[in-house]
Amino acid sequence: DGGITQSPKYLFRKEGQNVTLSCEQNLNHDAMYWYRQDPGQGLRLIYYSQIVNDFQKGDIAEGYSVSREKKESFPLTVTSAQKNPTAFYLCASSGTTNEQFFGPGTRLTVL
Amino acid sequence: QKEVEQDPGPLSVPEGAIVSLNCTYSNSAFQYFMWYRQYSRKGPELLMYTYSSGNKEDGRFTAQVDKSSKYISLFIRDSQPSDSATYLCAMRAGGTSYGKLTFGQGTILTVHP
């Protein structure tokens, strides 16, 4: 099956910890994206990558970091510098048709 | 002012009703328009994708884009309880194949049997 997988589904973080969210796709898409969703708000872009070894900041990149070492993978690290990390995190990818397809999401909670 | 405005609802309708969901936007550079459906605690699912002005129909769903008014709509005919979800409009500028989407807040829809 082609698609986007995210893990873990639920993640709990203690204050001051860094955590890494996984995103993998087997759609052969060049571009990948990370969004954050808070209750009552739309999705906001954190980072995106158009090609391997290259990525750009989105609207709310502070306190986050990413890497793109492989076409299939785009992990997101939520650092201790992110002041309000509790949210639903969504990874997406797109190919030549411009349509973005989303993974199932990771719900991060700070304890 | 947000670039994309969407009435958050909630919207509650009886089964079989016609549902109209709407978004307005301020950025005239937007050329690609999308509607996503998101069930609770799941990732958004792409429903409709349109380029520039006009209508697009897919089964019970019709997407309309009016660029002159900066207004897009999604119509759902013969609504079903399984349509109960949050509907998100999204849009992006043209120019490249890749780039960020700007989302509305989402409208929560409930269809009662």
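That block above? That's the structure.
Residues numbered from 1 in each chain as written. Chains lettered and ligands numbered in written order. Predicted model: local features only at pLDDT ≥ 70, side-chain atom pairs only at ≥ 80, totals over all residues. Heavy atoms only, no water.

### Quick word on the overall build of chain B
Reasoning step 1: Of the regular secondary structure elements, chain B holds 0 helices and 11 strands.
Reasoning step 2: Projected onto its principal axes, the C-alpha positions of chain B cover 45 × 30 × 25 Å.
Reasoning step 3: Scored against the burial criterion, the 113 residues of chain B give a buried share of 44%.
Reasoning step 4: When contacts within chain B are restricted to residue pairs at least 6 apart in sequence, long-range pairs at least 24 apart make up 55% of them.
Reasoning step 5: Carbon and sulfur atoms make up 49% of the accessible area of chain B, which amounts to about 5,300 Å² in all.
Reasoning step 6: In chain B, the 11 positive side-chain charges and the 10 negative ones have mean positions that sit 8 Å from each other. (Helix = DSSP H or I, 4+ residues; strand = E, 2+ residues; numbered from the N terminus. Buried < 20%, exposed > 50% of the residue type's maximum accessible area, 1.4 Å probe, protein only. Contact = heavy atoms within 4.5 Å. Areas by Shrake-Rupley, 256 points an atom, 1.4 Å probe, with all protein chains shown as cover. Lys, Arg positive; Asp, Glu negative; His and termini not counted. Charge placed at Lys NZ, Arg CZ, Asp CG, Glu CD.)

### Describing the pattern of salt bridges
Reasoning step 1: Enumeration according to the criterion identifies 6 salt bridges over all chains in this entry.
Reasoning step 2: Between D38(A) and R44(A) there is a salt bridge, and its shortest N-O distance comes to 2.7 Å.
Reasoning step 3: By relative accessible area, which is 10% here, D38(A) ends up buried.
Reasoning step 4: We note a salt bridge from D83(B) to R60(B), for which the minimum N-O separation is 2.9 Å. Placement of the pair is D83(B) in the loop between β8 (71-76) and β9 (85-93) and R60(B) in the loop between β6 (54-58) and β7 (61-66), with a sequence separation of 23 residues. (Salt bridge = Lys/Arg side-chain N within 4 Å of Asp/Glu carboxyl O.)

### Thoughts on the interface of chain A and chain B
Reasoning step 1: Taken together, the contact between chain A and chain B spans 26 residues of the former and 20 residues of the latter.
Reasoning step 2: Summed over both partners, the interface of chain A with chain B comes to about 1,900 Å²; 52% of that surface belongs to carbon and sulfur atoms.
Reasoning step 3: Among the residues chain A hides against chain B, the three largest losses belong to N98(A), Q100(A) and F102(A). Together they make up 26% of the total.
Reasoning step 4: Scanning the region where chain A abuts chain B turns up 0 salt bridges.
Reasoning step 5: Our enumeration of links across chain A and chain B arrives at 3 residue pairs in polar contact (both at pLDDT 80 or more).
Reasoning step 6: Put simply, the parts of the chain that give the side of chain A that touches chain B at least two residues each are β4 (31-37), β5 (43-51), β9 (87-94) and β10 (100-102) of chain A.
Reasoning step 7: A per-class count over the side of chain A that touches chain B returns 11 nonpolar, 11 polar and 4 charged. (Buried area = accessible area lost by both parts, 1.4 Å probe. Polar contact = N/O pair within 3.5 Å; in protein donor to acceptor, adjacent residues only side chain to side chain. Nonpolar A, V, L, I, M, F, W, Y, C, P; charged D, E, K, R; others polar.)

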